[in-house]
Amino acid sequence: MVVRVAVAGASGYAGGEVLRLLLSHPEVEIGALTGNSNAGQLFGSLQPHLVPLAGRTLEATTPEVLAGRGRRHDVVFLALPHGQSAAVAAELGPDVLVVDMGADHRLKDSADWDAFYGAPHAGTWPYGLPELPGGRAALEGSKRIAVPGCFPTAVTLALFPAYAAQLAEPEAVIVAATGTSGAGKALKPHLLGSEVMGSVSPYGVGGGHRHTPEMVQNLSPIAGRKVSVSFTPTLVPMSRGILATCSAKALPGTTADAVRAAYEKAYADEPFVHLLPEGQWPATSSVHGSNAVQIQVAYDASAQRIIAISAIDNLTKGTAGGAVQSMNIALGFAEELGLSTIGVAP
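Definitions and cut-offs
- Each chain carries its own residue numbering, running from 1 in the written order of its sequence.
- The model is predicted, so local features are restricted to residues of pLDDT at least 70 and side-chain atom pairs to those at 80 or more, both for listing and for counting; the totals for chains, interfaces and linings are taken over all residues.
- Calculation of side-chain values draws on the structure's entire complement of heavy atoms; hydrogens and water are dropped beforehand.
- Numbering goes from the N terminus for both helices and strands, where a helix is a DSSP run of H or I of at least four residues and a strand is a run of E of at least two.
- Only protein chains enter the calculation, and the probe is 1.4 Å; a residue is then buried if its accessible area is under 20% of its type maximum, exposed if over 50%, and partly exposed in between.
- The convention is simple: Lys and Arg are positive, Asp and Glu are negative, and His and the chain ends are not counted.
- We count a salt bridge whenever a side-chain nitrogen from Lys or Arg sits within 4 Å of a carboxyl oxygen from Asp or Glu.
- Within 3.5 Å is the distance limit for a polar contact, defined as a pair of N or O atoms, with the added protein rule that one can donate a hydrogen and the other accept it, and that residues adjacent in sequence qualify only through two side-chain atoms.
- Should any heavy atoms of two residues lie within 4.5 Å, those residues are counted as being in contact.
- At least two DSSP bridges between two strands are required for those strands to pair.
- An axis is simply a line fitted to the C-alpha atoms; with a helix, the fit covers only the stretch in contact. Between two such axes, the angle follows the N-to-C directions and lies from 0 to 180 degrees.
- For our purposes a nonpolar core is just a set of buried Ala, Val, Leu, Ile, Met, Phe, Trp, Tyr and Cys residues, chained together by side-chain atoms within 4.5 Å.
- A pair of cysteine sulfur atoms is labelled a disulfide when the two atoms are within 2.5 Å.

Colleague: What am I meant to see in the side chain of Asp104 here?
Modeller: Within the fold, Asp104 resides in the loop between strand S4 (97-100) and helix H5 (110-117). The charged side chain of Asp104 is buried without a salt bridge, its nearest counter-charge being Arg106 at 7.8 Å. Side-chain polar atoms of Asp104 contact the backbone nitrogen of Gly83, separated by 2.6 Å. A polar contact is formed between the side chain of Asp104 and the backbone nitrogen of Ser85, at a distance of 3.0 Å. If we ignore the near neighbours within four places in the chain, the residues touching Asp104 are Pro81, His82, Gly83, Gln84, Ser85, Ala86, Trp113, Ala122 and Gly123.

Structure follows, in structure tokens:
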């Protein structure tokens, strides 16, 4: 079954990445490519690495274009800035699978949305993190999918096995390094090469990052009580990737063997999550361009803390790869179609 797919926001990083993956998907035909400020431009001038699509012209993001104009689109990916997806999605019919790679439909609590985004809450869609307990069942047959944020993907996958096994206190401390592509393609002075190269800097400190409530939302049901999250992201001089160092106070009686066993159980059958052999640590270079997640876990007995470290490509598993993986499940395709665990090195 071949499905026809449109991508809104195709000129941005997330839009370009989902198209890179879809070009290798055996069951996908790529339809409309849309953008607003870039409408009318030759696509190859905006995403020159996507050679098979170079001769296309970017169209305006309108309901008519995304519907298909005579040849309907079965799937629409929304790679739009936060706050812009909901209005577009509302114009698309219930028979179309809409995959939102923005934040508009991730949060369940409207108060959290108001506090961190300052706009009306658009509601909550099934959440596109299949590895969570019940995650795949929630996506099967769905016509609406909210793709997780990149940091919540890395952090949730690093910590949830510890909470599922009832090994950790409901508090987590996370420091995560990320590359500049997470901020999008729009020009920003602090992301200029001369500002970023040779420098590491924190941002969103003190609970100010928008992904914090999403992490709380993911981990709390698994822990059985609200998990407090102290999250500090840091910007590092690389284009893509996240390395999340996550820790939580261990419950009494926790042992290193119990921690290791919990992670082995959680990820034994996951196609994209790889628990590394003991002594080997995740690296962003190892997952570059792939949908793979590398995880390592340790128990610090002196501090009585569980330390879990994950590495993902923020544009692949953290955004577009997670979107394609979720689409595959929703449509009944093999979950791995169009996706790879093979990175690019050096």
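Colleague: Sorry, what's going on with the sheet that holds strand S3 (residues 75-78) here?
Modeller: Two orientations exist for strands paired in a sheet by backbone hydrogen bonds: parallel and antiparallel. Spatial ordering of the open sheet is given by S2-S1-S3-S4-S5, a layout of five strands whose pairing is parallel. Two strands close off the open sheet at either side, each with one partner strand: strand S2 (28-34) and strand S5 (144-146). On average, adjacent strands in this sheet sit at an angle of 20° to one another, irrespective of strand direction. In the sheet, S3 pairs with S4 via four bridges, with the strands oriented parallel. Paired with Val75 across the strands is Leu97, a residue of S4. Here helix H1 (residues 13-22) sits on the sheet and contacts strand S1 (3-8), S2 and S3; the angle it forms with S1, its principal contact strand, is near 160°. Its contacts with the sheet place helix H12 (residues 316-331) against S1, S2, S3, S4 and S5, and it is angled at close to 155° to S3.

Colleague: What exactly am I supposed to notice about the nonpolar core here?
Modeller: One broad rule of soluble globular proteins: the nonpolar side chains tend to lie buried together. Counting residues in hydrophobic clusters, the biggest one holds 43 residues, and the most contacted among them are Leu159, Tyr163, Ile174 and Tyr263. Here this core gets ten residues from one element, more than from any other, and that element is helix H7 (residues 150-164). Not counting the four nearest positions on each side in its chain, Leu159 is found in contact with Ala172, Ile174, Leu219, Cys246, Tyr263 and Ala308. In terms of nonpolar packing, the next biggest core, distinct from the first, is built from 34 residues, Val18, Leu53, Leu97 and Ala330 among them.

Colleague: Looking at this structure, I do not really get unusual backbone geometry. What am I missing?
Modeller: Comment: phi is negative for the bulk of residues other than glycine, and the bulk of peptide bonds are trans. Omega for the bond connecting Ala345 with Pro346 falls within 30 degrees of zero, at 0°, which places this linkage in the cis form. Mapped onto the fold, Pro346 is located in the segment after H12. Positioned with a positive phi, Gln166 is a non-glycine residue whose angle comes to about 55°. Of note in this structure, Gln304 is not a glycine but carries a positive phi near 55°. Relative to the helices and strands, Gln304 resides in the loop between strand S11 (293-300) and strand S12 (305-312). A relative accessible area of 41% means that Gln304 is categorised as partly exposed.

Colleague: I would appreciate a short explanation of the environment of Val216 in the present structure.
Modeller: Checked against the element boundaries, Val216 lands in helix H9 (residues 212-223). For the pair Val216 and Tyr263, spaced 47 residues apart in sequence, the C-alpha separation works out to 20 Å. When near neighbours in sequence (up to four residues on either side) are disregarded, Val216 contacts Pro221, Lys226, Val227 and Val229.

Colleague: So what exactly am I meant to see when it comes to the state of the cysteines here?
Modeller: What the rule picks out here adds up to zero disulfides. Of all cysteine sulfurs, the one in Cys246 lies closest to Cys150, which takes part in no disulfide; the gap is 13 Å.

Colleague: Looking at this model, I keep getting lost on the pattern of salt bridges. Mind explaining?
Modeller: Oppositely charged side chains can form a pair if their charged atoms are brought close together. Going through the model one piece at a time under the given rule, you end up with 14 salt bridges. The salt bridge partner of Glu335 is Arg136, with a shortest N-O separation of 2.8 Å. With Glu335 in the segment after H12 and Arg136 in helix H6 (residues 135-139), this pair connects stretches of sequence that are 199 residues apart. What makes Arg136 partly exposed here is its relative accessible area of 24%.

Read these as layout, nothing more, since geometry by itself doesn't imply function.
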